[in-house]
Amino acid sequence: MLKRKLIPLCFAVFITLLAGACDREPVKPEPSPTPSPSTQEGIYLGVIGFNDQLYIKEISLLNSSTFQNFTNFINNLTPGNGTALYYADYTALKKMKAFPKPYELKNVALVTFTDGLDNISTANSQYDPDGYGSTSAYRNALHGMIMNEPIHGLNVSAYSIGLKGSDVTDEAQFMETLRKLSSSDNNVFQVANMSEAMQRFSEIASSLYSISTSVNLGVNVPGGYDDGQRLRFTFDNVSSATSSTKFIEATYRRTSSGIRALDNVIYYGFAPGATTIPSSSSQGAYYTFLFQNLTYLDGSTVPQSDLNNIKLWKQTSTGAWDKETEFNPASSTTVTEEKNSALIILVLDCTTSLGSDFVHMQESAKNFVGTLANVNNSKK
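What comes next concerns the included structure. These numbers come from a predicted model, not from an experiment.

Points about the pairing of strand β8 (residues 247-254)
Counting buried positions along β8 gives six out of eight residues, so the element sits mostly inside the fold. Bridge count between strand β7 (residues 230-234) and β8: five bridges; the pairing is antiparallel. Considered in β8, the bridge of leucine 231 is made with alanine 250. In this sheet, strand β9 (residues 260-268) lies alongside β8 in antiparallel orientation, the contact comprising seven bridges. Bridge pairing links tyrosine 252 to leucine 262 in β9. If you look at the hairpin formed by β8 and β9, you'll find five residues sitting between the two strands, and glycine 258 has a positive phi there, around 95°.

Considering the sheet that holds strand β13 (residues 311-315)
Judged by pairing direction, the sheet is antiparallel, and its six strands sit side by side in the order β10-β9-β8-β7-β13-β14 without closing on themselves. The outermost strands of the open sheet, each flanked by one partner alone, are β10 (277-278) and β14 (321-323). Bridge analysis of β7 against β13 gives four bridges, and the strand direction is antiparallel. Bridge pairing links arginine 232 to tryptophan 313 in β13.

What to know about the nonpolar core
Of all hydrophobic cores here, the largest spans 38 residues; its most connected members are Leu62, Phe113, Leu208, Ile344, Leu348, Phe368 and Leu372. Secondary-structure elements contributing two or more residues to this core are β1 (43-50), α2 (67-75), β3 (105-114), β4 (156-163), β5 (188-191), α6 (194-211), β16 (341-349) and α9 (357-373). With sequence-adjacent residues up to four places away left out, leucine 372 is seen in contact with Ile43, Leu45, Leu62, Ala205, Leu208, Tyr209 and Ile344. Ala84, Leu93, Leu105 and Met145 belong to the second-largest nonpolar core, a separate cluster that totals 32 residues.

Topic: α6
With 18 residues, α6 should cover 26 Å at 1.5 Å per step; its first-to-last C-alpha distance of 26 Å lies within 8% of that length. When α6 is considered as a whole, its buried residues turn out to be Met194, Ala197, Phe201, Ile204, Ala205, Leu208, Tyr209 and Ser210. Of the residues flanking the start of α6, the one acting as N-cap is asparagine 193, its side-chain oxygen 3.2 Å from the backbone nitrogen of serine 195.

Some details on the environment of aspartate 263
Residue placement: aspartate 263 occurs in strand β9. Dropping the residues within four chain positions of it, aspartate 263 is found in contact with Arg230, Ala250, Thr251, Arg253, Thr275 and Thr276.

Looking at the sheet that holds β4
Pairing in this open sheet of six strands is mixed, and the strands run β2-β1-β16-β3-β4-β5 from one edge to the other. The open sheet is flanked by β2 (54-62) and β5, the only strands paired with a single partner. Put simply, the sheet's adjacent strands are angled 10° from each other on average, direction ignored. Of the strand pairs in this sheet, β3 and β4 are connected by seven bridges, and their pairing is parallel. Residue threonine 114 lies in a different strand from β4, and its bridge partner there is glycine 162.

A few points about the side chain of asparagine 216
Considering the arrangement of structural elements, one finds asparagine 216 in strand β6 (residues 213-222). On the basis of relative accessible area, asparagine 216 is assigned to the buried category, the value being 6%. A distance of 2.9 Å separates the side chain of asparagine 216 from the backbone nitrogen of asparagine 293, its partner in a polar contact. Not counting the four nearest positions on each side in its chain, asparagine 216 is found in contact with Leu290, Phe291, Gln292, Asn293, Thr334, Val335, Thr336 and Glu338.

Overview of unusual backbone geometry
Glycine aside, a negative phi is what most residues show, and trans is what most peptide bonds show. Phi at histidine 152 takes a positive value of approximately 55°, unusual for a residue other than glycine. With respect to the secondary-structure elements, histidine 152 resides in the loop between α4 (135-148) and β4. In the Ramachandran plot, asparagine 237 falls in the positive-phi region, its phi being about 55° despite a non-glycine side chain. Here asparagine 237 lies in the loop between β7 and β8.

So, the packing of α4 against helix α5 (residues 171-180)
Contact geometry of α4 with α5 gives a least axis separation of 9 Å together with a crossing angle of 30°. What the angle tells us is that α4 and α5 run roughly parallel. Where α4 abuts α5, its residues Thr135, Arg139, Asn140, His143 and Ile146 lie against Gln173, Glu176, Thr177, Arg179 and Lys180. Per-class residue counts for the contact of α4 with α5 are one nonpolar, five polar and four charged.

Conventions adopted
- Residues numbered from 1 in each chain as written.
- Predicted model: local features only at pLDDT ≥ 70, side-chain atom pairs only at ≥ 80, totals over all residues.
- Heavy atoms only, no water.
- Buried < 20%, exposed > 50% of the residue type's maximum accessible area, 1.4 Å probe, protein only.
- Helix = DSSP H or I, 4+ residues; strand = E, 2+ residues; numbered from the N terminus.
- Pairing = 2+ DSSP bridges.
- Core = buried A, V, L, I, M, F, W, Y, C linked by side-chain atoms within 4.5 Å.
- Contact = heavy atoms within 4.5 Å.
- Expected span 1.5 Å × (residues − 1).
- Polar contact = N/O pair within 3.5 Å; in protein donor to acceptor, adjacent residues only side chain to side chain.
- Axes fitted to C-alpha atoms, helices over the stretch in contact; angles between N-to-C directions.
- Parallel < 35°, antiparallel > 145°, perpendicular 65-115°, else oblique.
- Nonpolar A, V, L, I, M, F, W, Y, C, P; charged D, E, K, R; others polar.

Dropping the structure here:
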């Protein structure tokens, strides 16, 4: 009898459990991890200030939206005693190695500003974790890291800016420090004052920005040129085509099927590009030709001022050049910029020996960041 009573009871319990299982909400899948910011193209910047300690702004994407975070950090730096210069650069290199490789990474750079000689980095294992034990050994090790240890497969471009402080009596040692913290003698800048230092900061930032930016230029030209017409685009606001030192020249080609192209393209003052460029589009009587990754011979990006000065010339049967007066850069060109990625750390001396120059160093650093972020000075 007991057995007969237990069977219905067990069945009822089973039905109850089954119903509860059906009513239960399904298990939600774990959210996908947020993609690393390094999967975006752009300039990734870190800032390290140093005296007897380090002040670190971790590496992150720099753009017009995040620019203020970097300037706020620089504004909040304060001077202190001691110079942990080598430990600051050591930390910078380690952080760049540890940072996930940014998408389309094209450049890795370390930029160091100092006014003195290191007197902290060999104090103990906190500052000297690899146990170099002497300033010369530490300095040589850093140079070896810069020269022989690529980061994400790229050689490090290291720059040093030195403003010799009044407390530095060993100038040879100071210059040796600047050389060891750079990847080339061409990247060593000993300056006489903060005005010159600001200029060097600006030059380095402009160079790094150019390396990380490419320009695509589209030009619209009339479609009625004869096959074989020679055309020249000048970029230096000249009054005659023959006096230009920055120009692109090509032969206009047309076919009965309506295809248009620029052929036998010559780049004068520019890095070499495609020698034949078919039209990318047409609108009415005009055809568009696209010059991709347009840079000057030194690798610098063509600035907007030069793009505003473009003029179109056609060669006559006598070999002279006639200007196309209806060609207007504002309406006849389109410009797009493509960003490659750069990984950069700026290392800044924050020692009391800078005195009144400390605020000028901050301004130079903010200008440096502003150039990389491509923002107006008014936003600083």
